[in-house]
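# Observations on the model geometry
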Amino acid sequence: MDPVGGSQSLLPRPCRVLVLLNPRGGKGKALKLFQSCVQPLLVQADISFTLMLTERRNHARELVQTGELGCWDALVVMSGDGVMHEVVNGLMERPDWEMAIRKPLCSLPAGSGNALAASLNHYAGYEQVTNEDLLTNCTVLLCSRRLVPMNLLSLQMASGLRVFSVLSLAWGFIADVDIESEKFRRLGEMRFTLGTLLRLASLRTYQGRLAYLPIGQVVSKMPTSRALDRQNQQGPVDAHLVPLEEPVPSHWTVVPEQDFVLVLALLHSHLGSEMFAAPMGRSEAGAMHLFYVRAGVSRATLLRLFLAMEKGRHMECNCPYLVYVPVVAFRLEPRDGKGMFAVDGELVVSETVQGQVHPNYFWMVGGRGEPPPSVEPQPMPSQKPQQTPPPEKPL
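Residues numbered from 1 in each chain as written. Predicted model: local features only at pLDDT ≥ 70, side-chain atom pairs only at ≥ 80, totals over all residues. Heavy atoms only, no water.

### So, the overall build of the protein
- Each helix and strand in the protein was counted, giving 10 helices and 15 strands.
- Sorting the 395 residues of the protein into buried and exposed places 57% on the buried side.
- Expressed as a percentage of contacts within the protein between residues at least 6 apart in sequence, the contacts between residues at least 24 apart total 80%.
- Split by element, the accessible area of the protein, about 16,400 Å² in all, is 53% carbon and sulfur. (Helix = DSSP H or I, 4+ residues; strand = E, 2+ residues; numbered from the N terminus. Buried < 20%, exposed > 50% of the residue type's maximum accessible area, 1.4 Å probe, protein only. Contact = heavy atoms within 4.5 Å. Areas by Shrake-Rupley, 256 points an atom, 1.4 Å probe, with all protein chains shown as cover.)

Dropping the structure here:
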């Protein structure tokens, strides 16, 4: 399947979008920000909208999982990264998921974690900004109507659960900060600074096994009948992965160390609006950034790394405990289930997990930059805009 293949690279004019807004996200000002910063620009750009407020966790997921999507040209998520996670997983759970995931998405930052919006802002060539400036830039991108293809990370859990990620999987320090700082949500992005300082005060290490498939070792693979048989869930086939009860393939790299401070699989440039985590450039289509920090790093060194990350200078620290490698797939086996997993900032039970990137799998409103090259040959979309479908019954 080539989800982004076809005839679409621009939203139509005029354009009709559904805005899913989380009124409790971040500092709780999303609705006022929409009315003051977003709505006037949409009116000028001839973009009509229907606004729906989410009322609880997974509400957005339920809405897109069961609703009629045909009358919308795009789904706009005004919140943090967690609601975009809900929307993508809701689309992938639909009976018509192969068509549903083609629906263009847009991220308007209004949460405490706005990493996806910050990454799109970076790819568009804008300076790193936060708060209302970042929201305005992302709204301008929506008004420009340009679409860019995005990678999707498929995660297989030992329990049989399958989760799709649009941003990251974190284990250890970063996940601890993300989840434990939830109680400081009203502070906005300052919650992560406070959470980092608190976690540094009682730094933890975690034991586990990490293995990965580096991009240099990738061989083009078509899904085998065995892979199709073992994957009884809907969604793309993870051709690079073997069953979790089997050892990883011999051409994978197995990390010899088993004591970590953190492991991070990251699809994009930013981990927050002021956390430029991957300054080495946008991942190739079908690849992701893999970082890990080995046990033994001092609190002072770890603090320097996170302070330098604001400007993307942390790799210049030449920290011997920090390792970076671009990969296509990975497997992480926490020992005794210790440590928390955060997928797109959302808590997931700690258990053995493996993941594979699927290249150019869905559309997002984006900027001027050209899409990155692919790890494996992939058909790219043509430049003809999609025609607006006739209005249907709304959600």
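### Some remarks on the packing of aromatic side chains
- Applying the stated criterion to the full structure yields 6 aromatic pairs.
- Note on Phe260 and Tyr292: the rings are 5.8 Å apart at their centroids and 85° apart in plane angle, and the pair reads as edge-to-face. You can see Phe260 sitting in strand 10 (residues 259-266) and its partner Tyr292 sitting in strand 11 (residues 288-294), a full 32 residues away along the chain. Here Phe260 matches Tyr292 in class, with each residue buried.
- A ring pair is formed by Phe291 and Tyr324, whose centres lie 4.9 Å apart and whose planes are at 40°; its orientation type is tilted. With a gap of 33 residues between them, Phe291 in strand 11 and Tyr324 in strand 12 (residues 322-334) connect regions that are remote in the sequence.
- When its relative accessible area of 25% is taken as the criterion, Tyr324 is described as partly exposed.
- These aromatic residues form a ring-pair network of at least three members: Trp171, Tyr206, Phe260 and Tyr292.
- When the ring centre of Tyr123 is taken as reference, the NZ or CZ atom of Arg282 above it lies at 4.7 Å. (Phe/Tyr/Trp six-rings, centres within 6.5 Å; stacked < 30°, edge-to-face > 60°. Lys NZ or Arg CZ within 6 Å of the ring centre and 35° of its normal.)

### Description of helix 5 (residues 115-123)
- Helix 5 sits mainly inside the fold: 8 of its 9 residues count as buried.
- Positive backbone phi, approximately 95°, marks Gly125, located one or two places after helix 5.

### A short note on the packing of helix 5 against helix 6 (residues 131-144)
- It is the contact of helix 5 with helix 6, at a shortest axis distance of 10 Å, that shows an interaxial angle of 65°. Considering how the two elements wind past one another, helix 5 and helix 6 form a crossing that is left-handed. Of helix 6, the residues touching helix 5 (which contributes Ala117, Ala118, Leu120 and Asn121) are Leu134, Asn137, Cys138 and Leu141. (Axes fitted to C-alpha atoms, helices over the stretch in contact; angles between N-to-C directions. Left-handed = near helix turned anticlockwise from the far one by under 90°.)

### Overview of the nonpolar core
- Counting 58 residues, the largest nonpolar core has Leu75, Val87, Val88, Leu91, Leu105 and Phe362 as the members making the most contacts within it.
- Element by element, the count of residues in this core is highest for helix 3 (residues 81-92), at 6 residues.
- For Leu75, the contacting residues outside a window of four places in its chain are Leu18, Val64, Leu69, Val87, Leu91, Lys103, Pro104, Leu105 and Cys106. (Core = buried A, V, L, I, M, F, W, Y, C linked by side-chain atoms within 4.5 Å.)

### Some details on the environment of Phe276
- If you trace the backbone, Phe276 turns up in the loop between strand 10 and strand 11.
- Overall, Phe276 belongs to the buried group, its relative accessible area being 13%.
- In sequence terms Phe276 and Arg313 are 37 residues apart; their C-alpha atoms lie 8.4 Å from each other.
- Setting aside chain neighbours within four positions, we find Phe276 in contact with His122, Gln128, Ser269, His270, Met309, Glu310, Lys311, Gly312 and His314.

### Description of the pattern of salt bridges
- Counted according to the given criterion, the structure contains 8 salt bridges.
- Glu93 serves as the salt-bridge partner of Arg61, at 2.4 Å between the closest nitrogen and oxygen. With Arg61 in helix 2 (residues 59-66) and Glu93 in the loop between helix 3 and helix 4 (97-100), the pair connects residues that are 32 residues apart, well separated along the chain.
- On the basis of relative accessibility, which here comes to 31%, the residue Glu93 falls in the partly exposed class.
- Of the charged contacts, one joins Asp238 and Arg162 as a salt bridge, the two residues approaching to 3.2 Å between their closest N and O atoms. With Asp238 in the loop between helix 9 (225-230) and strand 9 (253-254) and Arg162 in strand 6 (residues 162-165), this residue pair connects regions lying 76 residues apart in the sequence. (Salt bridge = Lys/Arg side-chain N within 4 Å of Asp/Glu carboxyl O.)

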